[in-house]
Amino acid sequence: MTVMAADPILARRAEIQQIAQDTARRRQLFSRFGMLVCRACLVIALIPLVALLVYVVIRGASAWNWAFFSHLPTPAGIPGGGISNAIVGSVVIDVIAAAAAIPFGIGAGLFLSHSDGRIASVLRLSADVLSGVPSIVVAIFAYIVLVSRHPGSLGHFSGVAASFAIGIIMLPIIIRASETAIRGVPQVLSEAALALGARRATVARKVVLPTALPGLITAVLLAVARGAGETAPLLFTAIGSQFMAWSPLKPMNAIPLVIYQNGIQAYPDLVKIAWGSALFLVVAVLILSVGSRMVATRLRRVRRD
Amino acid sequence: MVLATTTSPRQGTSRGLRRLLEVPDGAYRGALGVLAALFALLLIAFVTSLVIQSRSAFAHFGLSFLTGTKWDAVHTHFGALTFIVGTLETTLIAMFIAIPIGLGCALALAFATPRRLRVPLGTAVELLAAVPSVVYGLWGLLVLAPWMRIYVEPGLAHITGGRFPFGGAQIGTGLLLAGVVLSIMVLPTLVAISRDVLMAVPGTEIEGAFALGATRWQVMRKVVVPSARTGVVGATTLATGRALGETIAVTMVIGNSPAFAHSLFSTSATMASVIANEFTEATEPYHLASLIAVGVLLLVVSVLVNLAARLAVRSVSRERAIGVGIL
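So, how was this worked out
- Residues numbered from 1 in each chain as written.
- Chains lettered and ligands numbered in written order.
- Predicted model: local features only at pLDDT ≥ 70, side-chain atom pairs only at ≥ 80, totals over all residues.
- Helix = DSSP H or I, 4+ residues; strand = E, 2+ residues; numbered from the N terminus.
- Buried ≥ 20, exposed ≤ 12 C-beta atoms within 10 Å, placed from the backbone.
- Contact = placed C-beta atoms within 7 Å.
- pLDDT = per-residue confidence, 0-100.
- Domains from an automatic or database assignment.
- Nonpolar A, V, L, I, M, F, W, Y, C, P; charged D, E, K, R; others polar.
- Core = buried A, V, L, I, M, F, W, Y, C linked by C-beta atoms within 7 Å.
- Expected span 1.5 Å × (residues − 1).
- Bend = angle between axes of the 7 residues up to and from the residue.
- Axes fitted to C-alpha atoms, helices over the stretch in contact; angles between N-to-C directions.
- Parallel < 35°, antiparallel > 145°, perpendicular 65-115°, else oblique.
- Left-handed = near helix turned anticlockwise from the far one by under 90°.

1. Notes on the overall build of chain B
- When you go through chain B residue by residue, the secondary structure sums to 15 helices and two strands.
- Counting only residues that meet the buried cut, chain B has 48% of its 327 residues in that class.
- Here the contacts in chain B between residues at least 6 apart in sequence split such that 74% fall between residues at least 24 apart.

2. Points about the confidence of the model for chain A
- Here chain A averages 89 in pLDDT, and 97% of its residues register 70 or above.
- Per-element averaging of pLDDT across chain A places helix H1 (residues 2-6) of chain A at the bottom with 56 and helix H6 (residues 135-147) of chain A at the top with 95.

3. Structural notes on the domain arrangement of chain A
- Along its sequence, chain A is carved into domain 1 (22-63) and domain 2 (67-304).
- Centre-to-centre, using C-alpha coordinates, domain 1 of chain A lies 33 Å away from domain 2 of chain A.

4. As for the interface of chain B and chain A
- Facing the 71 residues of chain B at the interface are 75 residues of chain A.
- Taken together, the residues of the side of chain B that touches chain A break down into 51 nonpolar, 16 polar and four charged.

5. Some thoughts on the nonpolar core
- Grouped together as the largest cluster of nonpolar side chains are 193 residues, with contacts concentrated most on Ala-161, Met-170 and Ile-174 of chain A together with Val-135 and Val-181 of chain B.
- The residue makeup of this core includes at least three contributed by each of domain 1 (22-63) and domain 2 (67-304) of chain A.
- Beyond its immediate chain neighbours, meaning those up to four positions away, Ile-174 of chain A contacts Ala-101, Ile-102, Gly-105, Ile-106, Gly-109, Ala-219, Val-220 and Ala-223 of chain A.

6. Quick word on helix H2 (residues 8-63) of chain A
Residue and element names in this part refer to chain A.
- With 56 residues, H2 ought to run about 82 Å at 1.5 Å a step, and its terminal C-alpha atoms sit 78 Å apart, in line with that.
- If you look at H2, its biggest bend is around 55°, right at Ala-24.
- Every buried residue belonging to H2 is among Cys-38, Cys-41, Leu-42, Ala-45, Pro-48, Leu-52, Val-56, Arg-59, Gly-60 and Ala-63, and all of these are buried.

7. Re unusual backbone geometry
All names here are of chain B.
- Positive phi is not limited to glycine here, since Thr-76 has a value of about 50°.
- Structurally, Thr-76 can be placed in the loop between strand S1 (71-72) and strand S2 (77-78).
- When the 13 C-beta atoms within 10 Å are taken as the criterion, Thr-76 is described as partly exposed.
- Of note in the backbone geometry, Asn-256 takes a positive phi value of approximately 50° without being a glycine.
- Within the secondary structure, Asn-256 sits in the loop between helix H12 (248-253) and helix H13 (271-278).
- Under the C-beta neighbour-count criterion, Asn-256 is labelled buried, with 20 such atoms within 10 Å.

8. With respect to the packing of helix H5 (residues 118-132) of chain A against helix H7 (residues 159-183) of chain A
Residues and elements named next belong to chain A.
- Remark: H5 packs on H7, axes separated minimally by 8 Å, with the N-to-C direction vectors making an angle of 140°. The angle between H5 and H7 falls in the class oblique. Two packed elements cross with a definite hand, and for H5 against H7 that hand is left-handed. Every residue of H7 that contacts H5 at Ala-127, Asp-128, Leu-130 and Ser-131 is listed here: Pro-172, Ile-173, Ile-175 and Arg-176.
- Residue composition of the contact of H5 with H7, grouped by class: five nonpolar, one polar and two charged.

9. Description of the environment of Ala-45 of chain A
- Note that Ala-45 of chain A resides in helix H2.
- Accessibility expressed as a C-beta count within 10 Å gives 24 for Ala-45 of chain A, which makes it buried.

10. Observations concerning the packing of helix H6 (residues 115-128) of chain B against helix H8 (residues 175-199) of chain B
All names here are of chain B.
- Running from amino to carboxyl end, H6 crosses H8 at an angle of 135°, the nearest separation of the two axes being 8 Å. Classified by the angle between their axes, H6 and H8 sit oblique to one another. The handedness of the crossing between H6 and H8 is left-handed. For the pair H6 and H8, the contacting residues are Gly-122, Val-125, Glu-126 and Leu-128 in the first and Pro-188, Val-191, Ala-192 and Arg-195 in the second.
- Taken together, the residues of the contact of H6 with H8 break down into five nonpolar, one polar and two charged.

Written as structure tokens, this is what we have:
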């Protein structure tokens, strides 16, 4: 006892232990309360999100029937009508956008995965920043390039202009995600191939890209899901249409446009179509997102076996 | 070449294609370099085309484009201040709601959820980030707006006796609804990134604090949050950037009136919503140039915000920053 009293450090430690013991109950209670608040936040956050999905499913499912998928839109006030032209438009626009953005993005991702210099890091940062640029601004760029009248532009609203805008939105996602996937390929694999005398292009095509395939598929599906859900880039590019258009050089309808344009109308029939389209879009986007995860895990497992 | 000649015969049909892809190393690197250069060119074209097309608005209206409050297509008088303020107001309301709830969610997901629930809840949050914004807009307009009009707005007005900031007509759509919808939209992003950042805090530090007798709350408050602060700030900034530029959902619920809001219930407009709303109707050259100029302002703001956010998140961990790029 006398020794402890003589040592100021031990005395201080005893004092701290005493305080900790005295306050343990209070601190424990406070901690419980704090954790409760955190869990409550989780519940509060989940309520609107769950409510949103429930509403979309209930209201949307009641709008679904054969005509909804196979018919053209009807004018306001006339019941019935469908979104067949919007489905075609969305598919055409997004397929063109993806067909351009995927090879471009994976190529750029390959470039970034090989390079660590200043230029590469600037490009990396610009891709990140581009993914945060509002889609409406990207839409203005597409409008200037392909819709406004000047040589080299179509000079009118069209599906391609929408593809251009959506491709730009997909691009940074594909670039960054494919770079990550490619960097995950063990260096020894490509080194072994190089040691066998393979050229770099062959190594990329036969070793690196196939090994990185799960990651690449995830990247592509995520980018397509993101692009397919965008509305703002369609507003003044594809602009919407009441007719069936197969040619991307013409104005086209698209599912997000239907939701926006019908949703803000006062006619119950049009609003119903909007809910049905919203369910369609949510299902499509969730299938792409969930699918990307499943494909990635499945392929990884197969590879390991 | 060795590999090309020893591969299985079933690929023989595409020999011509393979020959074509069998390029020398220099050409391969060159091709990738060209792709990267094209990407850089695309970005440069993006910025310059917007600047060129908006120049006439900036030249004609000068500084009054930023400080003017009149947005009048008939008399060709364009000042964007009301939209700048509208954007700031909706973003502020959204972040005021989303930051505390989002941080609570992230903490709960990282440290206060049973292991069994952690993965499904985390996946659910990430999937909700994938729901398109137009769906949030539709739900906000058709479900949330009537609900706000009938229950929330009268209640809030009762608190202040119908004075600022809860005065004026209660119509559901407007500044407050736009803020609420935005907060719901940015929550998944905010939660997913800050949860990742929080979970990246080294386990030894947390265990050390527990060993000293700290309670769970004290560990979070004194160890986890301070250590993850930069990353959480980055996640918040990223979510702010998203709220600033969100277009379609806001356009659907804000009411689209180009006037200063004098109450949280007032209809208003943001930079993004005015572009979405008026772009196709802008036949007069100055009107179009002014809308593009608003786009340039939005571009500048979003680039600055995102640069700050990326640098903050990236400083936490390189690996994480790449994951953030996907979200």
